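# Observations on chain architecture
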Amino acid sequence: MINRVKRTIGFLFALLFVSAVAVAAQPARANAQRPVLEQQLRQRMATVTQRRLGLTDGQMSQLEQSNSRFAPQLTQLIGNERETRKQLRMELMSTTPNQQHVSTLIDQTISLQKQRVALVESEQRDLARFMTPVQRAQYFALQTEFRRRAQEMVKQNAIRNQDPAFKRSQGLKKLP
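All of these numbers come straight from a predicted model, not from anything done at the bench. (Residues numbered from 1 in each chain as written. Predicted model: local features only at pLDDT ≥ 70, side-chain atom pairs only at ≥ 80, totals over all residues. Heavy atoms only, no water.)

## Details of the overall build of the protein
- Broken down by element type, the protein carries six helices and zero strands.
- Overall, the protein shows an N-to-C arrangement of helices and strands of α-α-α-α-α-α.
- A burial count over the protein gives 26% of its 176 residues as buried.
- For the protein, the proportion of contacts with a sequence separation of at least 24, taken over those separated by at least 6, is 71%.
- For the protein, the exposed area adds up to about 12100 Å²; of that, 57% sits on carbon and sulfur atoms. (Helix = DSSP H or I, 4+ residues; strand = E, 2+ residues; numbered from the N terminus. Buried < 20%, exposed > 50% of the residue type's maximum accessible area, 1.4 Å probe, protein only. Contact = heavy atoms within 4.5 Å. Areas by Shrake-Rupley, 256 points an atom, 1.4 Å probe, with all protein chains shown as cover.)

## A few points about the pattern of salt bridges
- Evaluated as defined, the whole model comprises six salt bridges.
- Here Asp-126 ties to Arg-129 by a salt bridge, and the two come within 2.8 Å at their closest N and O atoms.
- By relative accessible area, Arg-129 is classed as exposed at 52%.
- Bridged by salt links that share partners, the residues Glu-145, Arg-148, Arg-149 and Glu-152 form one connected network. (Salt bridge = Lys/Arg side-chain N within 4 Å of Asp/Glu carboxyl O.)

## Observations concerning the packing of helix H3 (residues 57-93) against helix H4 (residues 99-127)
- Close contact between H3 and H4 brings their axes to 9 Å; oriented N to C, the two are set at 165°. Here H3 is positioned roughly antiparallel relative to H4, judged by the angle of their axes. When the axes of H3 and H4 are compared, the crossing they make is left-handed.
- Classifying every residue of the contact of H3 with H4 by side-chain character gives 13 nonpolar, 12 polar and six charged. (Axes fitted to C-alpha atoms, helices over the stretch in contact; angles between N-to-C directions. Parallel < 35°, antiparallel > 145°, perpendicular 65-115°, else oblique. Left-handed = near helix turned anticlockwise from the far one by under 90°. Nonpolar A, V, L, I, M, F, W, Y, C, P; charged D, E, K, R; others polar.)

## Concerning the nonpolar core
- Membership of the largest hydrophobic core is limited to eight residues, which are Leu-53, Leu-55, Met-60, Leu-63, Leu-127, Phe-130, Met-131 and Tyr-139.
- Filtering out sequence-adjacent residues up to four positions away, Leu-55 remains in contact with Thr-49, Gln-50, Met-60, Leu-63, Met-131 and Gln-135.
- In this structure, Phe-70, Leu-74, Leu-112 and Leu-119 belong to the second largest nonpolar core, which totals five residues. (Core = buried A, V, L, I, M, F, W, Y, C linked by side-chain atoms within 4.5 Å.)

## Considerations on the side chain of Glu-145
- Locating Glu-145 in the fold gives a position in helix H5 (residues 133-162).
- Reaching out from Glu-145, the side chain makes a polar contact with the side chain of Arg-148 at a distance of 2.7 Å.
- At a separation of 2.6 Å, a polar atom in the side chain of Glu-145 contacts the side chain of Arg-149. (Polar contact = N/O pair within 3.5 Å; in protein donor to acceptor, adjacent residues only side chain to side chain.)

Here it is in structure tokens:
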């Protein structure tokens, strides 16, 4: 059972990666296909989640509602954290880092992390309304796995897109 779930998750991420590469290779179609591909991926992830956690249709409906409430906030926080870390890296790589700006960015990083923890706690309280503790723990692990694999694919895609030999082999033009 676990191997089948791993294969299914692997398939989903392979599909996402292939779709991302195909969309990147054809920028004119990217905007038209992206929503469709994202919807297909969400549906497949929902199917895997429901099977793996043993959720009823009612629980799945409540999970979708919960996700629609918490996912945008979490996405925003993660983006803010990423931007803050980027600014901090840039400041630290400077020949003369601005001490006050570094201090502000560190404080901002900690504040954003606290907000993320508070949001995850709120999400867990919401999930506790309709999921068992075991289902919540399994869902938390599944979310972590989805994010990790998505990050790996984004990283691999970025590496491939920066490799001139890979671009030529894909027929992509080098950008100025």
